[in-house]
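# Chain and residue survey
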Amino acid sequence: MRAVQIVDLTGPDSALRVVDVPEPDGDGVVVDVKAAGVSFPEVLQSRGQYQYKPDLPFIPGSEVAGVVRSAPDGSGLNAGDRVAALVGLGGFAEVVNVAPQMVFALPDALDFAQGAALVLNYHTAYFALKLRGRLKEGETVLVHGAAGGVGTAVLQVAKALGARTIAVVSTDAKERMARDAGADEVVHSDGPWKDQAKELSGGGVDVVLDPVGGDRFTDSLRSLREDGRLVVVGFTGGSIPEVKVNRLLLNNIDVVGAGWGAYVMTKPQLTVQIAAEIERMIDDGYVRPPVGARFPLERAGEALAVIDRREATGKVVLDVS
């Protein structure tokens, strides 16, 4: 099969190679991949900067959509089923072998490119907002990186949960993407976004969802109302911020981590529950993953570079077959 490997740690422009390798074996669900999602962790992997460091060479890619070729008895899946799946590694390939608990039916309302944007981002969004952020109907959520894959997922899931959303973006093009994803209000990161968010929310937001980190972290804390929660999802801004805990004490606010992958891997029933909630949101018309740039498999390095340059809007996807 064709696949893309990271062969060295020189970054998106030079670290990837298209190769022919044997199909993966194992007793999981075999999926013929139609589309693979591209995410920030793959950028870090191409430089050896991600926390998980596989031996070189390896096939990156954590999420795919495609058609089941075969499935073990008792999995509830059959040959020919359209699915979205979380593979961890190996997604930039024509065939994957996936643990059954990480394979989910792909509703007819979504195409394969949207399916490749579904599991990682939308399961993370639900986990971060509902389970870690304790979001309630009628509350206001401030979303950083709101035009990217995680950000647009958070906007849609928050709306499905009955929340009001304020998107933080850096450009007019990203504002259009955030509004298309359902943002009620949009503020720009190069302006007085913290003050604007407090004004728009009537004194402070209830939840901040932050996949960016960096130097905006302190102002995110300042944008919260009493009993507010700042949910940390990632650090695409590059630097990992530190918090002075006196701010938490004086303002009665929380900083909460949301590491979806590590949490659910040992809790398959929770994964099923989240998948059911996301499917309901799809059926109700709230969840429609916005797909941005699309590349063929052999141009995977270019796809990573788009994310590396902070140019991505929506989900970056590889069209595999």
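Everything that follows concerns the structure shown earlier in this document.
These numbers come from a predicted model, not from an experiment. Numbering of residues begins from 1 in every chain and follows the order in which that chain's sequence is written. Local features in a predicted model are, by the rule used here, given only for residues with pLDDT of at least 70; side-chain atom pairs are given and counted only at 80 or more, and totals for whole chains, interfaces and linings are based on all residues. Side-chain metrics in this entry use all non-hydrogen atoms of the structure; hydrogen atoms and water are not considered.

## Here we look at the overall build of the protein chain
- Each helix is a run of H or I in the DSSP string that is no shorter than four residues. Each strand is a run of E no shorter than two, and both are numbered from the N terminus. The number of helices and strands found in the protein chain is 11 helices and 15 strands.
- In terms of its C-alpha atoms, the protein chain occupies a principal-axis envelope of roughly 55 × 40 × 35 Å.
- Throughout, exposure labels follow a simple rule: accessible area from a 1.4 Å probe, protein chains only, divided by the maximum for the residue type, with under 20% read as buried, over 50% as exposed, and the rest as partly exposed. Taking all 321 residues of the protein chain together, 53% fall into the buried category.
- Throughout, the Shrake-Rupley method with a 1.4 Å probe supplies accessible areas, and for residues the shown protein chains are the sole cover considered. Here the protein chain displays about 13,600 Å² of accessible surface, and carbon together with sulfur accounts for 47% of that area.

## A word on helix α11 (residues 300-308)
- Within α11, 7 of the 9 residues are buried, which leaves it mostly tucked inside the rest of the structure.
- Turning to α11, its buried residues are Ala300, Gly301, Ala303, Leu304, Ala305, Val306 and Ile307.
- Check the buried side of α11 and you find it contacts β1 (2-6), β2 (16-20), β3 (29-38), α1 (40-45), β14 (291-296) and β15 (315-319).
- In the stretch just after α11, Arg310 is the one whose phi turns positive, near 60 degrees. Whether two residues touch is decided by their heavy atoms; if any such pair falls within 4.5 Å, the residues are in contact.

## Concerning a nonpolar patch on the surface
- Put simply, a patch holds well-exposed residues, over 30% relative accessible area, that have no salt bridge, with like charges counted together within 9 Å and Val, Leu, Ile, Met, Phe, Trp or Tyr side chains within 5 Å. Salt bridge criterion: a side-chain nitrogen from Lys or Arg within 4 Å of a carboxyl oxygen from Asp or Glu. Together, Val243, Val245 and Val255 line one region of the surface with nonpolar side chains, adding up to about 210 Å² of accessible area.
- Inspection of the secondary structure assignment puts Val255 in strand β13 (residues 254-257).
- Val255 gets classed as partly exposed once you look at its relative accessible area, which sits at 32%.

## Considering the pairing of strand β4 (residues 63-70)
- Following DSSP output, two strands are said to pair if at least two bridges run between them. The pairing of β3 with β4 spans 6 bridges and is antiparallel. In the strand pairing of β4, Ala36 is matched with Val64.

## Quick notes on the pattern of salt bridges
- By the definition in use, this model includes 20 salt bridges.
- Residue Asp184 pairs with Lys159 through a salt bridge whose shortest N-O separation is 2.8 Å. With Asp184 in the loop between α5 (172-180) and β10 (185-188) and Lys159 in helix α4 (residues 149-160), this residue pair connects regions lying 25 residues apart in the sequence.
- Using a relative accessible area of 31% as the deciding quantity, one classes Asp184 as partly exposed.
- Take Lys159: its relative accessible area is 26%, and that puts it in the partly exposed class.
- Asp206 serves as the salt-bridge partner of Arg225, at 3.3 Å between the closest nitrogen and oxygen. One end of the pair, Arg225, is in strand β12 (residues 224-232); the other, Asp206, is in strand β11 (residues 205-210), and 19 residues separate them in sequence.
- The class of Arg225 is partly exposed, set by a relative accessible area of 27%.
- Via salt bridges that share partners, Arg2, Glu94 and Glu298 belong to a single interconnected network.

## Points about the pairing of strand β5 (residues 82-86)
- Along β5, 4 of the 5 residues are buried, which leaves the element largely enclosed by surrounding structure.
- Both β5 and strand β7 (residues 103-105) contribute to a ladder of 3 bridges, which runs antiparallel. Directly across from Ala84, in β7, lies its bridge partner Phe104.

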